[in-house]
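# Inside the fold
Below, each chain spelled out in residue letters.
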Amino acid sequence: EAQVTQNPRYLITVTGKKLTVTCSQNMNHEYMSWYRQDPGLGLRQIYYSMNVEVTDKGDVPEGYKVSRKEKRNFPLILESPSPNQTSLYFCASSLTGTSGSTIDEQFFGPGTRLTVL
Amino acid sequence: DQQVKQNSPSLSVQEGRISILNCDYTNSMFDYFLWYKKYPAEGPTFLISISSIKDKNEDGRFTVFLNKSAKHLSLHIVPSQPGDSAVYFCAASAYGNKLVFGAGTILRVKS
């Protein structure tokens, strides 16, 4: 089954304790992205990757790191989490990201609810 | 400053009637628009899209209308079904760049 998986689905942690949220897709997609969803703000892009070893900042990258060493995996790293990073996080992937003037359909993972105390 | 706005946080509709979800945008460079649907505890799923060269796109019960002069798009669901109850996100992109999402509208279809 074609899918994007995220782990963990739920996480409660404390300020300053490094954590990693994993994301994996089995569709051989080149483009992967991380979003956070907050009430009243919709989904905001944190980082994205057009291909292996190619990553770039989205709209809200502060406090986050990513890496893309393999095509299928795109982990999100919080080196020193703070309470303002409490949010619902989604990983997404698409075939190429863009197709000329259109944009490829993005497939989303089920989400990771993170609480930072 | 939110470039994509969904001003109605929620909408309640009777089963069988039409649901109309609205979305406004401020960036005139946006040329591609999408609607995503999200159920609780799941990620968003793509629903329907429209390019700025069109003013209407239809897919079964779902139709998206685009009014470029007003910078407004709407999603019509006819007839509405209880399974349509979800959060609907409007999103836009400019020249194939990143997606910019609205805050979402919660649709409740009552049976």
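Shown above is the structure to which this text applies.
Our subject in this report is the structure included herewith. Just so it is clear, the model here is predicted, and its values are computed rather than measured.

This part takes up the pattern of salt bridges. Applying the stated criterion across every chain, the model contains eight salt bridges over all chains. For the salt bridge of Asp84(B) with Lys37(B), the shortest nitrogen-to-oxygen distance reads 4.0 Å. One end of the pair, Asp84(B), is in the loop between strand E8 (72-77) and strand E9 (86-93); the other, Lys37(B), is in strand E4 (residues 32-38), and 47 residues separate them in sequence. For Lys37(B), a relative accessible area of 11% corresponds to the buried category. Across the salt bridge formed by Lys56(B) and Glu58(B), the nearest N and O atoms sit 3.8 Å from each other. When its relative accessible area of 43% is taken as the criterion, Lys56(B) is described as partly exposed. In this structure, a network of salt bridges that share partners links the residues Lys18(A), Lys65(A) and Glu79(A).

This paragraph deals with the nonpolar core. If you look at the biggest cluster of nonpolar residues, it comprises 25 residues, and the most contacted ones within it are Phe30(B), Phe33(B), Trp35(B), Leu73(B), Leu75(B) and Tyr88(B). Those elements giving two or more residues to this core turn out to be strand E3 (19-25), E4, strand E5 (45-51), strand E7 (62-67), E8, E9 and strand E11 (105-110) of chain B. Apart from residues lying up to four places away in sequence, Phe30(B) is in contact with Gln3(B), Val4(B), Tyr25(B), Ala92(B), Ser93(B), Ala94(B) and Val100(B). In terms of nonpolar packing, the next biggest core, distinct from the first, is built from 19 residues, Leu19(A), Met32(A), Tyr64(A) and Leu78(A) among them.

All names here are of chain B. Here E11 shows a clear split, with Thr105, Leu107 and Val109 buried on one side and none of Ile106, Arg108 and Lys110 buried on the other. Relative to E11, strand E2 (residues 10-14) is paired through five bridges, and the arrangement is parallel. Its bridge partner lying in E11, Ser10 is registered against Ile106. In terms of strand pairing, E9 meets E11 through three bridges, oriented antiparallel. Looking at E11, one finds that Val87 is bridged to Ile106.

Pairing is antiparallel across the open sheet formed by five strands, whose spatial order is E1-E3-E8-E7-E6 (chain B). Two strands bound the open sheet, and with one partner strand each, they are strand E1 (4-5) and strand E6 (56-59) of chain B.

Each partner contributes to the interface: chain A provides 22 residues, whereas chain B provides 21 residues. Together, the buried faces of chain A and chain B total about 1,700 Å²; carbon and sulfur atoms form 59% of this surface. Linking chain A to chain B there are one salt bridge. Note that Asp59(A) and Lys98(B) form a salt bridge whose closest N and O atoms lie 2.1 Å from each other. Remark: the boundary between chain A and chain B carries four residue pairs in polar contact (both at pLDDT 80 or more). For the side of chain A that touches chain B, the secondary structure elements donating two or more residues are strand E4 (31-38), strand E5 (42-51), strand E9 (87-94) and strand E11 (102-103) of chain A. When residues in the side of chain A that touches chain B are grouped by element, the largest group, three residues, is from E5(A). Here the residues of the side of chain A that touches chain B sort into eight nonpolar, 11 polar and three charged.

Conventions we followed
- Starting afresh in each chain, residues are numbered from 1 along the sequence in its written order.
- Working convention: letters from A go to chains and numbers from 1 go to ligands, in the order in which they are written.
- Reporting of local features is limited, given that this is a predicted model, to residues whose pLDDT is at least 70; pairs of side-chain atoms are given and counted only at 80 or more, and all residues count toward the totals for whole chains, interfaces and linings.
- Only heavy atoms go into the side-chain values, all of them from the structure, while hydrogens and water stay out.
- We define a salt bridge as a side-chain nitrogen of Lys or Arg found within 4 Å of a carboxyl oxygen belonging to Asp or Glu.
- Numbering goes from the N terminus for both helices and strands, where a helix is a DSSP run of H or I of at least four residues and a strand is a run of E of at least two.
- Type-normalised accessible area, obtained with a 1.4 Å probe on protein chains alone, sets the label of each residue: buried when under 20%, exposed when over 50%, and partly exposed for intermediate values.
- In this description, a nonpolar core means a group of buried Ala, Val, Leu, Ile, Met, Phe, Trp, Tyr and Cys residues linked to one another through side-chain atoms lying within 4.5 Å.
- Any pair of residues with heavy atoms lying within 4.5 Å of one another is described as a contacting pair.
- DSSP-based pairing: two strands are paired if at least 2 bridges between them are found.
- Accessible surface is computed with a 1.4 Å probe, and the buried area is the amount of it that two parts give up when combined, taken over both parts together.
- Side-chain atoms alone can form a polar contact between residues adjacent in sequence; in general such a contact is a pair of N or O atoms within 3.5 Å, and within protein one must be able to donate a hydrogen while the other accepts it.
- Side-chain classes are defined by residue name, with Ala, Val, Leu, Ile, Met, Phe, Trp, Tyr, Cys and Pro counting as nonpolar, Asp, Glu, Lys and Arg as charged, and the others, Gly among them, as polar.

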